[in-house]
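Examining the three-dimensional arrangement
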Amino acid sequence: MKTAVGWHIELEFQEDDQHTRAVAMVRLPDGTEVRANGHASRHRVDANQPRVGEEIAGARALNELAMQLLTKAHTEIDEASGRTSHPIHV
């Protein structure tokens, strides 16, 4: 049986009164770092709820991170097999 591998994903936020920016980063076991960004904007008539902005911006950054990891996996599959793999849909 192989040893389980764990990944730790870091999320950092920058906020002002109407905007939240999130940066997600994961360091893979091969040393590769994959980073992605997410953004959320508060409409001027909405209540100021920083946690909601963080959740939206964070989710968007994680979604982008997932898409980059899928692309990386496809590239590795194609390079190892010498052929073009079928897209992985989420």
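Description of the structure in this document. Since we're looking at a predicted model, the values are computed, not measured.

The next point concerns the overall build of the protein. The number of helices and strands found in the protein is one helix and three strands. Going from the N terminus to the C terminus, the protein shows its helices and strands as β-β-β-α. Taking 12 Å as the expected radius of gyration for a compact globule of 90 residues, we find that the protein reaches 17 Å, considerably beyond that expectation. Dimensions along the principal axes, computed over C-alpha positions, put the protein at roughly 55 × 30 × 20 Å.

Let us look at the nonpolar core. For soluble globular proteins, the rule of thumb is that nonpolar side chains tend to be buried together. Of all hydrophobic cores here, the largest spans 11 residues; its members are A22, A24, V26, L28, V34, A36, A40, A57, A61, L65 and L69. Counting only elements with at least two residues in this core, the list comes to β2 (19-27), β3 (33-41) and α1 (50-81). Sort the elements by how many residues they give to this core and α1 lands first, with four residues. Beyond its immediate stretch of four places on either side in the chain, L69 contacts W7, L28 and V34.

Sheet topology places strand β1 (residues 9-15) next to β2; seven bridges connect them, and they run antiparallel. Note that in β2 the partner of L11 across the bridge is A24. Adjacent in sequence and paired antiparallel, β1 and β2 are bridged by three residues.

The antiparallel open sheet is built from three strands, whose spatial order is β1-β2-β3. Every interior strand has two partners, whereas the edge strands, β1 and β3, have only one. In this sheet, adjacent strand axes meet at a mean angle of 15 degrees when their direction is disregarded. α1 rests against β1, β2 and β3 of the sheet, and its axis sits at about 145 degrees to β3.

Before going further, it helps to spend a moment on the environment of L11. Within the secondary structure layout, L11 lies in strand β1. For L11, a relative accessible area of 35% gives the class partly exposed. Here the alpha-carbon distance between L11 and T75, two residues 64 residues apart in the chain, equals 25 Å. If sequence neighbours within four positions are ignored, L11 has contacts with V23, A24, G58, A61 and L62.

How each quantity is defined
Residues numbered from 1 in each chain as written. Predicted model: local features only at pLDDT ≥ 70, side-chain atom pairs only at ≥ 80, totals over all residues. Heavy atoms only, no water. Helix = DSSP H or I, 4+ residues; strand = E, 2+ residues; numbered from the N terminus. Rg over C-alpha atoms; globule rule 2.2 N^0.38 Å. Core = buried A, V, L, I, M, F, W, Y, C linked by side-chain atoms within 4.5 Å. Buried < 20%, exposed > 50% of the residue type's maximum accessible area, 1.4 Å probe, protein only. Contact = heavy atoms within 4.5 Å. Pairing = 2+ DSSP bridges. Axes fitted to C-alpha atoms, helices over the stretch in contact; angles between N-to-C directions.

Treat this as a map of the structure, not an account of what it does.
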